[in-house]
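Structural characterization, general
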Amino acid sequence: MCPHRLSPFFTLPNPWYKRMMHHFWQEIKRPLIGLSPMDGVTDPAFRRIAALHGKPDLIITEFTSADGICHGAERELSGLRFDEIERPVVAQIYGADPALFFKVAQLVCELGFDGLDINMGCPAKKVSSNGCGAGLITDPARAQAIIRSAKEGIKQWADGAPLSALNLHPKIVAWAAKQKGKPFRRIIPVSVKTRLGTNRIVIREWVQHLLDANPAAISIHGRTLSQGYSGSANWEAIYEAASIARGSGTLILGNGDIATLEEAHQKIRQGGVDGVLIGRSALGNPWIFQNLYPSYDERIKVALEHAAIFQEINGRYFSGMRKHLGWYCRGFQGASKLRAQLVRVKDLEETKELLLPYLSEVASL
Ligand SMILES: Cc1cc2nc3c(=O)[nH]c(=O)nc-3n(C[C@H](O)[C@H](O)[C@H](O)COP(=O)(O)O)c2cc1C
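In this text, all values refer to a predicted model and were calculated from it rather than measured experimentally.

Looking now at the site of the ligand. Not every one of the 16 residues close to the ligand is listed here, only the nearest: P37, D39, Q92, N255 and D257. Between the ligand and the protein, one listed contact pairs an oxygen atom with a backbone N or O atom of P37 at 2.6 Å. Contact between the ligand and F63: an oxygen atom at 3.1 Å from a main-chain N or O atom of the residue. Broken down by class, the residue content of the shell around the ligand amounts to 5 nonpolar, 7 polar and 4 charged.

In structure tokens, the structure reads:
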């Protein structure tokens, strides 16, 4: 549990102290190594597994649409469930309308998240061409307005504004009311995750625009929008951003192509970033944050544990688990045949039938 949640000021009536309290970015261990948000991957089940077996310093949800939430799409909300073990845990939201961020920021507070991250890096056409995600890099004024609006929403929530005043869709209000506990009203920090530019690298100007809105942290994936995931991440450009931000109070996290924990530390040493985020190398590999290389048996056990949590959370909608199973089984003998079977499993029972025979103690019975 974060120390600020145990503040002795807990019962003071005035709102001023809520602004004085430290937020998690100020208290987090540095340099930090966090789990990068990944749509369809860093869902509640995977985040819990990552927290249990990898213990990254920070966990961020997959991105969630501000429009979707405000229009009552309950599906959007399923990714915003979290377990206490994930803390510090940050909700990532995307959108283009500052007014919606004012509302959604308050919902994020009400759900008890430690922070709100705004996605300004997604390259997907359906996101960026609507002015969301990496599309915001070409509209710095809007990007700043979004950050400020989210902060204002959070401030008003900390001062006691009720969710009912926001005219959120009734389904969303009902869903939020069902979530466990009522968090202490306090200011939570706003951060941004972005890229180096759209068609070309503009990180110098772009990071300055972001700093003007004073986010708590900026995570930078070292590619442009048009690069997608091609080529390799440009860490020199990330380090340049870090040098511009130095002394501003905003942390800079680098991101892109980190394959091992050693590499993460090497990237941190090279360029004065406050930390890094690891994404794809954590697929089927929550142990990366601990520098562990588990045996096949351990991987199968955790794959089954993951499948059990996934089923507990999602019930009969098990298909989202299949890709994770394939990732855990990379490198197994007969892996391609096994993966071809795993992409069809319907539930935990079928997963056990396929994977248990691979456990050495079962095989040797
Ligand atoms: C499947 C997938 C989904 C992603 N979804 C998101 C997302 O929801 N929000 C986000 O900010 N970045 C998203 N990303 C980008 C990653 O967070 C990260 O920036 C990128 O993969 C580079 O880091 P890596 O080389 O360590 O994977 C996604 C990446 C992948 C591969």
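Residue R30 is joined to P31 through a cis peptide bond whose omega torsion reads -5 degrees. Mapping P31 onto the fold places it in the loop between α2 (24–27) and β1 (32–35). In this structure, the amide linkage connecting R87 to the following residue, P88, adopts the cis form with an omega of -5 degrees. Locating P88 in the fold gives a position in the loop between α5 (74–78) and β4 (89–94). Positive phi outside glycine occurs at K55, with the angle close to 50 degrees. The topology assignment puts K55 in the loop between α3 (44–53) and β2 (59–60). With a phi angle near 60 degrees, N291 is a residue other than glycine that sits in the positive phi range.

This part takes up the side chain of K267. One can find K267 in helix α12 (residues 261–271). The buried category is assigned to K267, whose relative accessible area is 15%. Here K267 is in contact with W235, Y239, I258 and V273, once residues within four sequence places are set aside.

Counted under the stated rule, the structure contains 8 aromatic pairs. Here W287 and Y328 contribute two aromatic rings whose centre-to-centre distance is 6.2 Å and whose plane-to-plane angle is 75 degrees, an arrangement assigned as edge-to-face. Separated by 41 residues along the polypeptide, W287 in the loop between β9 (275–278) and α13 (296–314) and Y328 in helix α14 (residues 322–328) bring together distant segments of the chain. In this structure W287 comes out as buried when scored by relative accessible area, which is 3%. With relative accessibility at 1%, the residue Y328 sits in the buried group. Chaining the aromatic ring pairs together yields one cluster made of Y296, F332 and Y358. A cation over a ring is seen here: R195 above Y229, with NZ or CZ 5.2 Å from the ring centre.

Turning next to the domain arrangement of the protein chain. Taken as a whole, the protein chain is organised into domain 1 (3–290) and domain 2 (296–363). Just the C-alpha atoms count here: the centres of domain 1 and domain 2 sit 30 Å apart. Of the residues lining the interface, 15 residues belong to domain 1; the matching set on domain 2 comes to 14 residues. Between domain 1 and domain 2 lies a buried interface of about 1300 Å² when both sides are counted; carbon and sulfur atoms form 66% of it. Three residues, R48, I49 and W287, lead the burial of domain 1 against domain 2; their summed loss comes to 33% of the area buried on that side. Across the pair R48 and E312 runs a salt bridge, and its minimum N-O distance is 3.6 Å. Classifying every residue of the side of domain 1 that touches domain 2 gives 9 nonpolar, 3 polar and 3 charged.

Two elements in contact, helix α11 (residues 235–245) and α12, have axes whose closest approach is 10 Å; the angle formed by their N-to-C orientations is 50 degrees. Accordingly, the angle class assigned to the pair α11 and α12 is oblique. Like other packed secondary-structure pairs, α11 and α12 cross with a definite hand, here right-handed. The residues of α12 that touch α11, namely those facing W235, Y239 and A242, are K267, Q270 and G271. Tallied by class, residues from the contact of α11 with α12 come to 3 nonpolar, 2 polar and 1 charged.

Before going further, it helps to spend a moment on the nonpolar core. With 78 residues, the main nonpolar core has L116, I118, M120 and I220 as its most contacted residues. The residues touching L116, leaving out its near neighbours within four places in the chain, are V90, A91, I93, A105, V108, A150, I154, I188, P189, V190 and S191. Core analysis: the next-biggest nonpolar cluster, separate from the first, contains 25 residues, A303, I309, M321 and L348 among them.

Time to look at the confidence of the model for the protein chain. With 93% of its residues at a pLDDT of 70 or more, the protein chain shows a mean pLDDT of 93. Every residue in residues 1–11 scores below 50 in pLDDT, and together they form 22 contacts with partners more than four places removed in sequence or on other chains.

Okay, the environment of T194 next. Counting through the fold element by element, T194 comes out in strand β6 (residues 190–195). Owing to a relative accessible area of 1%, T194 belongs among the buried residues under this scheme. Along the sequence, T194 and H221 sit 27 residues apart, while their C-alpha atoms lie 6.2 Å from each other. Residues in contact with T194, not counting those within four places in the same chain, are M120, G121, I137, W206, L210, I218, S219, I220 and H221. Among the polar contacts made by the side chain of T194, one reaches the main-chain carbonyl oxygen of M120 at a distance of 2.8 Å. Here the side chain of T194 touches W206 through a polar contact of 2.8 Å, side chain to side chain.

With that out of the way, let us pick up helix α16 (residues 348–355). Each turn of an α-helix holds 3.6 residues, which means side chains three or four residues apart point in the same direction. All buried positions along α16 are accounted for by L348, T351, L354 and L355. End-on, the buried residues of α16 take up no more than an arc of 125 degrees, which puts them together on one face. The inward-facing, buried residues of α16 contact α13, α14 and α15 (335–342). N-capping of α16 is provided by D347, with a side-chain oxygen placed 3.2 Å from the backbone N of E349.

Parameters at a glance
Residues numbered from 1 in each chain as written. Predicted model: local features only at pLDDT ≥ 70, side-chain atom pairs only at ≥ 80, totals over all residues. Heavy atoms only, no water. Near = heavy atom within 4 Å. Polar contact = N/O pair within 3.5 Å; in protein donor to acceptor, adjacent residues only side chain to side chain. Nonpolar A, V, L, I, M, F, W, Y, C, P; charged D, E, K, R; others polar. Helix = DSSP H or I, 4+ residues; strand = E, 2+ residues; numbered from the N terminus. Buried < 20%, exposed > 50% of the residue type's maximum accessible area, 1.4 Å probe, protein only. Contact = heavy atoms within 4.5 Å. Phe/Tyr/Trp six-rings, centres within 6.5 Å; stacked < 30°, edge-to-face > 60°. Lys NZ or Arg CZ within 6 Å of the ring centre and 35° of its normal. Domains from an automatic or database assignment. Buried area = accessible area lost by both parts, 1.4 Å probe. Salt bridge = Lys/Arg side-chain N within 4 Å of Asp/Glu carboxyl O. Axes fitted to C-alpha atoms, helices over the stretch in contact; angles between N-to-C directions. Parallel < 35°, antiparallel > 145°, perpendicular 65-115°, else oblique. Left-handed = near helix turned anticlockwise from the far one by under 90°. Core = buried A, V, L, I, M, F, W, Y, C linked by side-chain atoms within 4.5 Å. pLDDT = per-residue confidence, 0-100. Arc of directions from axis to C-beta.

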